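Close look at the chain arrangement
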Amino acid sequence: MTVLLRLPLLALTGILALPHAMAQGQVPGSPVENAQFGRALTAGDFNGDGVEDLAIGAPFDDVGTLDGAGSVTVLYGTDQYRYSFAMGLRPDGAQIWTRESPGILGDARAGDWFGYALTAGDFNGDTFDDLAIGIHRATVGGLAQAGAVSVLYGSANGLTAAGNQVWDQNSPDIGGGAEIGDGFGYALATGDFDRDGHDDLVVGVPFEDIGSVNDAGAAQVIFGAADGLVAAGNQFFDQSNAGVPGAAEAGDTFGFSFGVGDFNGDTTDDLAIGTPLEDVGSIVNAGAVYVLFGTVTVGIELAGAQSWDQGAVSSNPLPDTGDRFGYALAVGNFNQDPFDDLVVTSPFQDWTTGAGDTYTDTGYLHAIKGSASGLTRADSEGSLLLQDDGRYGTDVAVGNPRGSDPYLIAGQPGRNVSSQGEAGRILIRYTDDTGLTDTALQYYTQNNSGIEDISEAEDAYGFVVATGDFNGDGLDDIAIGVPGEDVDGATDAGGVNIMYALPSGRMSADYDLFLHPGSSFAAPVASEDEASDLASSLLPPAPNPTTGRTTLRYALAEAQDVQLVVMDLLGREVARLADGPHQAGDHEAAFAATALPSGVYIVHLRAGETVHTKRLTVTR
């Protein structure tokens, strides 16, 4: 087993019946020793069907005879139904991508680590999400580990090699210039920083030398356009820029992690940049986060940039040696105001209790609230899970980040479980009207009832976490990376645990999947007897996506009060199609979306005490 230190079920739509029949399938490929399948995860709707898909990085996978060249597997989600049960992630159409895939630019090399970082966004505005793949150890112009990013574009058939791109710091008109060991592509994120309707790509270069200052770090923004990502207007930021807080110092690793959200409520995305090895005063590697704000038509501007360390967030804990504040970042609107909030972790935080017991590298997590002036210390909060070397907050993600019921998932991959060291655990925190709450927390390990497989030493369950709506019910599901999982005798082959949201929005282990190359996986399918007992159901909109009109169909087993509304992703009602008593039977409502801008909307059906949701994509 490898000790993993990050260098430098399915949702039953409104129904709680247990499935009997299963629809079978298989993840492509076979387990490879040390591949660490599941070390990187991201969700995106690559085929534009209104349901998110999952990209899974195996950066240390072998490609032919090339050790550690790396691969990415893509599994597609669906809201297709059998007896009202959504299928979710499915095997048909699954893809494996490497730098040796036909049509992909660049050549695979041993040790490239293709797939070490992943992010999804619609860079060309065609309503299909695209996939950016970090290759931060790629050789560029003979410069070892200078780094590159491969971009695959989405289509109605999913990701395709057509028009794919490779970006590096030797690409024409890209700032910085490739150098040995820069690590361009180590971290990736997407956001629309100039509000032009095209997602932009942020690339971390945490080992960039700034002048003679080694590994100070940098961040590169490449803007989206109708033809995809373009070099025109790209922006290069480091701490030697006037307006970027702090100063470029050796080993800072500026650009190690990113969080993207609208922290000041101006409807333009802003950028948080993790710098976990930043010294705070004389405190070595305490860590810091810098926030740069997006501006319409301009992109990132440096006016008003913010600097955060643990002392700026709270009086306890204060910055300490080796905390690595800013190691992982996530964004969500936890209190339903107009401002996104930022989650910042310091997984190597030590903690001493009131009784004098000290825990080393137990980890700590901060939630910093947004406001009209950007992030603010007011009402910010923190949490920790006590465990020596637990590393709580190694990764974090937010489900339903701008929906009505956001939640936070945090990985604790160093957690000991039943005497199995570093087996790993995750924590899920839900929200109420005021924000994150400690009511009804959920903890999961591989020893939980219903979770496939078992907790084993150095599995690192929760090393990476991601969220996405993989079955189109309007509720985000969870993907949990287990890169240290041994599979069929292959050490550290890796795996991914999928947990689907129930209609309440809470997770359930009863319908989980555990995926690895070559594994069979299933989607729950109700029996006809179960289907006949359903009190109500909501079918997916048809057509979906729609450019104008679509039809919403729902069924009631008995007479009851019904509300049928369409909401945007901020939970704001945009249309009310039904409100009042209905007779039993089949019903439908026509919805004219012609006045709505392109985007994703949620169809919300309340039938008595049961709530159903479906995702609707509007395109122009």
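Everything quoted here is computed from the prediction, not taken from an experiment.

1. Points about the side chain of Ser 383
- In this structure, Ser 383 sits in strand β25 (residues 376-383).
- For Ser 383, a relative accessible area of 12% corresponds to the buried category.
- Looking at Ser 383, its side chain comes within polar contact range of the side chain of Tyr 392, at 2.9 Å.
- Apart from the residues within four sequence positions on either side, Ser 383 is in contact with Tyr 364, Leu 365, Tyr 392 and Arg 429.

2. Concerning unusual backbone geometry
- Asn 316 connects to Pro 317 through a cis peptide bond whose omega is 5°.
- In this fold, Pro 317 is placed in the loop between α1 (310-313) and β20 (329-332).
- Residues other than glycine seldom take positive phi values, yet Thr 297 does so here, at roughly 70°.
- Along the polypeptide, Thr 297 turns up in the loop between β18 (288-295) and β19 (299-308).

3. Some thoughts on the packing of aromatic side chains
- Evaluation of the coordinates by the stated rule reveals 11 aromatic pairs.
- Taken together, a centroid distance of 4.7 Å and an interplanar angle of 70° make the contact between Phe 60 and Trp 113 edge-to-face. Placement of the pair is Phe 60 in the loop between β3 (53-58) and β4 (71-76) and Trp 113 in the loop between β7 (90-97) and β8 (117-121), with a sequence separation of 53 residues.
- Here the aromatic rings of Tyr 407 and Tyr 430 are separated by 5.9 Å at their centres, their planes lie at 50°, and the arrangement is tilted. One end of the pair, Tyr 407, is in strand β27 (residues 407-412); the other, Tyr 430, is in the loop between β28 (425-429) and β29 (431-432), and 23 residues separate them in sequence. In this structure, Tyr 407 and Tyr 430 share a single accessibility class: buried.
- Site record: aromatic cluster; members linked through ring pairs are Phe 60, Trp 113, Tyr 116, Tyr 186, Phe 207, Phe 256, Tyr 327 and Phe 348.

4. Side note on the sheet that holds β18
- If you walk across this open sheet you meet the four strands as β16-β17-β18-β19, and the pairing is antiparallel. With one partner strand each, in any of the chains shown, β16 (257-261) and β19 form the two edges of the open sheet. Mean inter-strand twist for the sheet, computed between neighbouring axes without regard to direction, equals 20°.
- Where strand β17 (residues 270-275) lies against β18, five bridges are found, and the strand directions are antiparallel. Paired with Gly 274 across the two strands is Val 289, which belongs to β18.

5. Thoughts on the confidence of the model for the protein chain
- With 91% of its residues at a pLDDT of 70 or more, the protein chain shows a mean pLDDT of 89.
- Predicted confidence is poor over residues 1-23, with pLDDT under 50, and the contacts of this stretch with residues over four places away or in other chains come to 114 contacts.
- Predicted confidence for residues 523-534 stays below pLDDT 50, and this span has 36 contacts to residues more than four positions away or in other chains.

Parameters and conventions
- Residues numbered from 1 in each chain as written.
- Predicted model: local features only at pLDDT ≥ 70, side-chain atom pairs only at ≥ 80, totals over all residues.
- Heavy atoms only, no water.
- Helix = DSSP H or I, 4+ residues; strand = E, 2+ residues; numbered from the N terminus.
- Buried < 20%, exposed > 50% of the residue type's maximum accessible area, 1.4 Å probe, protein only.
- Polar contact = N/O pair within 3.5 Å; in protein donor to acceptor, adjacent residues only side chain to side chain.
- Contact = heavy atoms within 4.5 Å.
- Phe/Tyr/Trp six-rings, centres within 6.5 Å; stacked < 30°, edge-to-face > 60°.
- Pairing = 2+ DSSP bridges.
- Axes fitted to C-alpha atoms, helices over the stretch in contact; angles between N-to-C directions.
- pLDDT = per-residue confidence, 0-100.

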